[in-house]
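Architecture at a glance
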Amino acid sequence: VLTFFPHPRQVLQKDTQLKMIDTMEEKIKLLEQWGVAVLIILPFTMAFSRMTAVAFTQELLVGHLNISKIIIGYDHRFGRNRKASVADLKQFGEDYDFTVEEIPAQDIASIAVSSTKIRDAIADGEIQKANLYLNRPFSLVGTVISGDRIGRKIGFPTANLKIEEDYKLLPKHGVYLVRSNLQGQAYFGMMNVGNRPTVSGKKTQIETHFFEFQGDLYEKSIQIDLLEKIRDEQKFDTLEALGQQIQQDKNNCLALLPKYR
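Residues numbered from 1 in each chain as written. Predicted model: local features only at pLDDT ≥ 70, side-chain atom pairs only at ≥ 80, totals over all residues. Heavy atoms only, no water.

Turning to the overall build of the chain, a few remarks are in order. Within the chain, the regular secondary structure consists of 9 helices and 12 strands. Overall, the chain is about 70 × 40 × 35 Å in size when its C-alpha atoms are taken along their principal axes. A total of 261 residues make up the chain; the buried ones form 40% of that total. Considering only residue pairs separated by 6 or more positions, the chain has 67% of its internal contacts joining residues 24 or more positions apart. Summed over all atoms, the accessible surface of the chain reaches about 15000 Å², with 49% contributed by carbon and sulfur. If the 33 positive side-chain charges of the chain are averaged to one point and the 32 negative ones to another, these points end up 4 Å apart. (Helix = DSSP H or I, 4+ residues; strand = E, 2+ residues; numbered from the N terminus. Buried < 20%, exposed > 50% of the residue type's maximum accessible area, 1.4 Å probe, protein only. Contact = heavy atoms within 4.5 Å. Areas by Shrake-Rupley, 256 points an atom, 1.4 Å probe, with all protein chains shown as cover. Lys, Arg positive; Asp, Glu negative; His and termini not counted. Charge placed at Lys NZ, Arg CZ, Asp CG, Glu CD.)

Encoded structure:
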């Protein structure tokens, strides 16, 4: 697999607010799971963006990689100013003796799936739709850090996730049913993504209460798969009211578990 990093829009549009569905480390892990033997991560720079499609084909695809076949999405464009299309690549294939296999649009429920549609679904909290489009759960990967232990005070200790990559897309604020592999075993839980308005929080935090898990996760890197949204973030008048709602959230999550086990 040949890919670029950073995303071209993050280089060419410095003020872009574009967030990525997967970090590069997450992509590497996924590609390994899918059996990819060789991954080439090409640094995308302003200088590289000026390379013409012909030069890209001649110097990289043919000169360095000596390709005999390339498999590419139907709407892919490449070269300076994205001038070249898949049709142009097929012509280059005839000129330089390689074949091109075009991946058609992937339709789910009569909707052509795209990264934009997936990002929009995640940003809107429509996790089930995003997971359907991805054909896998959308996940968050980070390190468990120490929090202010408010969850512990109201009977729901949480693992607080710190994500290093600021370009990672986060879901809409709210409560989600989640699943994670911890110490070799799958555990379900509920995750809150938000500013915690009940305790006058100022920054977005990711806190997960795992059902039935007993153990120390501090400083460990974990992956949490989001399965379903339970509700939007709310502000409560007291910690007691918050605790009552969290218990109801847990009950709602537990009722959903049979379809995910």
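Continuing now.
Strand pairing in a sheet is mediated by backbone hydrogen bonds. Such pairs are either parallel or antiparallel. Strand order in this closed barrel of 6 strands is 7-8-11-10-9-12, and the pairing throughout is antiparallel. Taken pair by pair, the neighbouring strands of this sheet meet at an average axis angle of 45°, ignoring direction. (Pairing = 2+ DSSP bridges. Axes fitted to C-alpha atoms, helices over the stretch in contact; angles between N-to-C directions.)

Bringing the pairing of strand 11 (residues 205-210) into the picture now. The side chains of a regular strand alternate between the sheet's two faces. The buried fraction of strand 11 is high, at 6 of 6 residues. Across the two faces of strand 11 the burial is the same, with Gln205, Glu207 and His209 and Ile206, Thr208 and Phe210 all buried. Relative to strand 11, strand 8 (residues 159-162) runs antiparallel, the two being bridged by 2 bridges. Residue asparagine 160 lies in a different strand from strand 11, and its bridge partner there is glutamate 207.

Here the focus is the packing of helix 4 (residues 53-64) against helix 5 (residues 86-96). Contact pair helix 4 / helix 5: the axes reach a minimum separation of 11 Å and the direction vectors enclose 50°. By the angle between their axes, helix 4 is oblique relative to helix 5. The hand of the helix 4/helix 5 crossing is right-handed. Residue-level contacts link Ala53, Val54, Thr57, Gln58, Leu61 and Val62 of helix 4 to Leu89, Phe92 and Tyr96 of helix 5. Broken down by class, the residue content of the contact of helix 4 with helix 5 amounts to 7 nonpolar, 2 polar and no charged. (Parallel < 35°, antiparallel > 145°, perpendicular 65-115°, else oblique. Left-handed = near helix turned anticlockwise from the far one by under 90°. Nonpolar A, V, L, I, M, F, W, Y, C, P; charged D, E, K, R; others polar.)

This paragraph deals with the nonpolar core. Membership of the largest hydrophobic core comes to 28 residues, with the highest contact counts inside it found for Phe138, Leu140, Met191, Phe210 and Leu226. Elements with a minimum of two residues in this core: helix 6 (115-123), helix 7 (127-134), strand 7 (138-145), strand 8, strand 9 (174-182), strand 10 (185-194), strand 11 and strand 12 (221-232). No other element matches the 4 residues that helix 7 contributes to this core. Apart from the residues within four sequence positions on either side, methionine 191 is in contact with Leu140, Gly174, Val175, Tyr176, Val178, Ile206, Glu207, Thr208, Ile224 and Leu226. With 18 residues, the next largest nonpolar core counts Ala53, Leu61, Ile67 and Phe98 among its residues. (Core = buried A, V, L, I, M, F, W, Y, C linked by side-chain atoms within 4.5 Å.)

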